[in-house]
Amino acid sequence: MAIVIDGFVYASWIFVVALGLTLIFGVMKILNVAHGAFYSFGAYGAASLIGLYSQTGLPVAGEFVIILLSSAVIGLVLGYALERVLLRPMYGHDEVVLVLVSYAAFLMMEDVLRLIWGSDAYFAYQPFVAVGFVEIGELIVSNYDLMLVGFAITLGGAGWWLLNHSRFGHILTAVIHDREMATSFGVNVVKVFLITFILGAILGALGGAVTAPKVSVTPGMGVEVIVLAFAVVAIGGMGSITGAMIGALMVGLARAAAVHLLPEVELFAIYVVMAGVLVLRPEGLFTRVQARKI
Amino acid sequence: MMTSDRTIPTITIVAALALVLGFVLPEWVLFLSNVAIGKALVVLGLLLLWRCGVVPFGQALFFAGGGYGVGLLGHYYGITDIFILTIVAAAVGGGLSALAGFLLARYRGIFFTMLSMAFSMILYGVLVKTEALGSTDGIGLKRITVLGWQPEEQFELAMYIYAVLLGMICAVLMHVYLQSVPGRLSEPIRGNEVRVEYMGMSVQRLMHINLIIAGIFAGLGGAVTAFSVGHIDPEMAYWTTSGGFVFITILAGTGSVLAPFLGAVIFEVIRTLAFSYVPDYWQIILGGALLLSIFFLPGGLWSLIAMAKGGKKNGLNY
């Protein structure tokens, strides 16, 4: 039971981060290493703003608004800047070159982060404490964690709806399937890319922001999360929302099971799952069959 | 083309100069050079893989494998002879990459990059959690001996001479391999695998062999690094270490087997200077250097040298 709950909480957290990554990859074919930096910026932004807000004595509900708003702003600014300045000139280059560009951006943003916030840890536990705890059977579970699960499910549902039932979603699907054909039908692919990248950046920042109340926000937190999110995305199939959800659940449960049953293999377990899936299905569990282009 | 190939004499001259310089350079420069040569050996392998069109973000796996091979042998069996340790490190790197290669050789592009990263993170996870392997603290090395002789005061110099000689041998071997039939057939893999198959070469087997070669070089790099640093820790297997190797490959370019050495030295210089003068900005500087070379020097620093020599007339146009 504890494994299941822990697994779901962990899965929800990593799903929020991985969703942005998989969106960017699916549409733009960029494996965005800088996503880890979006994550840490989101966490720092939320943590410092919550810290300021809590001193004013206003109601706690405002802190949740801060989490959402701050990540939206951070994602918008960083995503826009990165796409326009660094990525746009490199479209059409090899996928691997784009990975390296985003890797360079990641290195630089990590330092910018340190310049803005210093290297001390930030704490923003107020929302986490404020919502209290609930007993499920013999377990005491934080309400914040349960909200996180709900939030992840909502986000996943919203993403699914957006992709399958909205106009923007149809355009995205067209771009994913065949970029050139979409262009010839009048889709402004450059604009679609920009919007996608910003959305992905916002999701990355959001992942960091919702985590901020649960942990101490420290430099280097993005380095760890990026490989985890990669694992999730690779398991699920790059560019698939359902895949990211299943991938997150597999990683979450694998980690929770490892932590409870055999703590020595915690990190190990996640990557074994990933390597196992990649061996059996190199393109991940949920990937559309791609027609061969000549 | 072979007649105008002056690579091997150039390597010999560079190595000889490096050896002479070794006697006048201060100890900390020698130490940095050793670390740089350790990295350059790994990058030498990456150069081969880069030509096949794949970029591993997990070469740290074999690098750490070599380093840990050296550390554990000394720690548990008291073996400190530099030659035995070197051979063991190469064997560990080669063995690990032979295993991983069964899977990796089937992948290209982004999947190759991610799978190799996953493998190195598995090793990282194991190293961090296993007490017998030193856990997060790693393991301190015993003093290295050379055929029973223990260099005391001149330790850094001795390691430097060894590293330079090893680097020279590896560069020559890699150069010879790149000129051989399998070496020359590696590059078309990037462009058109079907053609390579039609020429009678199994692409998957060739990839596997190249992975093993790169793994052996990475293992050697790990050994050289471990000798000089005197300590090994799980950080050697972390994905950021692999990122550093890829960084050097891009910075240096893949035009010559000497490029990795140039790249690694420049990388270490940038890193050391940035780290000691502007510790808060050193990643900005590294990232900036990487971006600059991707945007403005797609062929890496080596392309500057090649251009200065007059285009393709340098005999290095593999």
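Residues numbered from 1 in each chain as written. Chains lettered and ligands numbered in written order. Predicted model: local features only at pLDDT ≥ 70, side-chain atom pairs only at ≥ 80, totals over all residues.

**A word on the overall build of chain B**
Step number 1: Counting secondary structure elements, chain B contains 13 helices and 2 strands.
Step number 2: Here the C-alpha atoms of chain B give a radius of gyration of 19 Å, agreeing with the 20 Å that 2.2 N^0.38 yields for 318 residues.
Step number 3: Seen along its three principal axes, the alpha-carbon backbone of chain B occupies a region of about 50 × 45 × 45 Å.
Step number 4: By the burial criterion, 52% of the 318 residues in chain B qualify as buried.
Step number 5: Nonlocal contacts in chain B, meaning residues at least 24 apart in sequence, comprise 81% of its contacts between residues at least 6 apart. (Helix = DSSP H or I, 4+ residues; strand = E, 2+ residues; numbered from the N terminus. Rg over C-alpha atoms; globule rule 2.2 N^0.38 Å. Buried ≥ 20, exposed ≤ 12 C-beta atoms within 10 Å, placed from the backbone. Contact = placed C-beta atoms within 7 Å.)

**Remarks on the overall build of chain A**
Step number 1: Counting its regular elements, chain A contains 12 helices and 2 strands.
Step number 2: Computed over the C-alpha atoms, the radius of gyration of chain A is 19 Å, within 12% of the 19 Å expected from 2.2 N^0.38 for a compact globule of 294 residues.
Step number 3: Along the first, second and third principal axes, the C-alpha atoms of chain A reach 60 × 40 × 35 Å.
Step number 4: Counting the 294 residues in chain A, one finds 50% classified as buried.
Step number 5: Within chain A, contacts between residues at least 6 apart in sequence are counted, and of these 76% link residues at least 24 apart.

**Topic: unusual backbone geometry**
Outside of glycine, negative phi angles account for most residues, and trans bonds account for most peptide bonds.
Residues and elements named next belong to chain A.
Step number 1: Of note in the backbone geometry, K29 takes a positive phi value of approximately 60° without being a glycine.
Step number 2: Along the polypeptide, K29 turns up in the loop between α1 (2–28) and α2 (35–56).
Step number 3: The class of K29 is partly exposed, set by 16 C-beta atoms lying within 10 Å.

**Focus: the packing of helix α10 (residues 221–236) of chain A against helix α11 (residues 241–261) of chain A**
Residues and elements named next belong to chain A.
Step number 1: Between α10 and α11, the shortest axis-to-axis distance is 7 Å and the interhelical angle comes to 120°. Considering the angle they form, α10 stands oblique to α11. Where α10 crosses over α11, the two elements pack in a sense that is right-handed. Residues L228, A231, V232, V233, I235 and G236 of α10 pack against G243, A244, I246, G247, A248, M250 and V251 of α11.
Step number 2: Partitioned by chemical class, the residues of the contact of α10 with α11 number 10 nonpolar, 3 polar and no charged. (Axes fitted to C-alpha atoms, helices over the stretch in contact; angles between N-to-C directions. Parallel < 35°, antiparallel > 145°, perpendicular 65-115°, else oblique. Left-handed = near helix turned anticlockwise from the far one by under 90°. Nonpolar A, V, L, I, M, F, W, Y, C, P; charged D, E, K, R; others polar.)

**A closer look at the environment of A:I140**
Step number 1: Tracing the sequence through the fold places A:I140 in strand β2 (residues 139–142).
Step number 2: Discounting residues that sit within four places of it in the chain, A:I140 has contacts with A:F133 and A:E135.

**Comments concerning the environment of B:V128**
Step number 1: Structurally, B:V128 is set in helix α5 (residues 109–129).
Step number 2: In the structure, B:V128 is positioned 109 residues away from B:A237 in sequence and 10.0 Å away in space, judged by C-alpha atoms.
Step number 3: With residues up to four places along the chain from it excluded, the contact list for B:V128 reads A:L267, B:S135, B:T136 and B:P234.

**Overview of the confidence of the model for chain A**
Caution applies to low-pLDDT parts of the model: their predicted coordinates are not meant to be read in detail.
Step number 1: For chain A, mean pLDDT is 82; residues scoring 70 or higher make up 96% of the total.
Step number 2: When the elements of chain A are averaged for pLDDT, helix α5 (residues 126–130) of chain A gives the smallest value, 72, and helix α9 (residues 189–211) of chain A the largest, 89. (pLDDT = per-residue confidence, 0-100.)

**Details of the pairing of strand β1 (residues 133–136) of chain A**
Along a regular strand, successive side chains alternate from one face of the sheet to the other.
Step number 1: With 4 bridges connecting them, β1(A) and β2(A) associate as antiparallel partners. The residue bridging A:V134 from the neighbouring strand is A:V141, located in β2(A). (Pairing = 2+ DSSP bridges.)

**Quick notes on the packing of helix α7 (residues 181–191) of chain B against helix α9 (residues 203–229) of chain B**
Residue and element names in this part refer to chain B.
Step number 1: Where α7 contacts α9, the axes come no closer than 10 Å and their chain directions differ by 110°. In terms of axis orientation, α7 runs roughly perpendicular to α9. At the point where α7 passes α9, the crossing takes the left-handed sense. Mapping the contact onto sequence places P182, L185, S186 and I189 in α7 and V203, L206, M207, I209 and N210 in α9.
Step number 2: The residue makeup of the contact of α7 with α9, split by class, is 7 nonpolar, 2 polar and no charged.

**Observations concerning the interface of chain A and chain B**
Step number 1: Taken together, the 33 residues of chain A in the interface contact 34 residues of chain B.
Step number 2: Elements supplying a minimum of two residues to the side of chain A that touches chain B: α4 (95–117), α10 and α12 (266–280) of chain A.
Step number 3: In terms of residue count, α4(A) provides more of the side of chain A that touches chain B than any other element does, 15 residues in total.
Step number 4: Per-class residue counts for the side of chain A that touches chain B are 27 nonpolar, no polar and 6 charged.

**Structural notes on the nonpolar core**
Step number 1: By size, the foremost hydrophobic cluster in this structure holds 217 residues, and its most contacted members are A:I14, A:A231, A:V251 and B:A118.
Step number 2: With residues up to four places along the chain from it excluded, the contact list for A:V251 reads A:A11, A:I14, A:L228, A:A231, A:V232, A:I235, A:I270 and A:V273. (Core = buried A, V, L, I, M, F, W, Y, C linked by C-beta atoms within 7 Å.)

**Remarks on the confidence of the model for chain B**
Residues and elements named next belong to chain B.
Step number 1: Counting all residues, the mean pLDDT for chain B is 83, and 96% of those residues have values of 70 or more.
Step number 2: Averaged pLDDT values over the elements of chain B bottom out at 78 in strand β1 (residues 139–140) and peak at 90 in α9.
Step number 3: pLDDT under 50 marks residues 312–318. Its contacts with residues more than four places away, or in other chains, come to 14 contacts.
Step number 4: Confidence metrics for the complex model read pTM 0.83 and ipTM 0.78.

**Considerations on α9(B)**
Residues spaced three or four apart along an α-helix face the same direction, because each turn holds 3.6 residues.
Residues and elements named next belong to chain B.
Step number 1: The end-to-end C-alpha distance of α9 is 38 Å, a good match for the 39 Å that 27 residues give at a rise of 1.5 Å each.
Step number 2: Among the 27 residues in α9, 22 count as buried, and that is most of the element.
Step number 3: A positive backbone phi angle near 75° is found at G230, which sits one or two residues after α9. (Expected span 1.5 Å × (residues − 1).)

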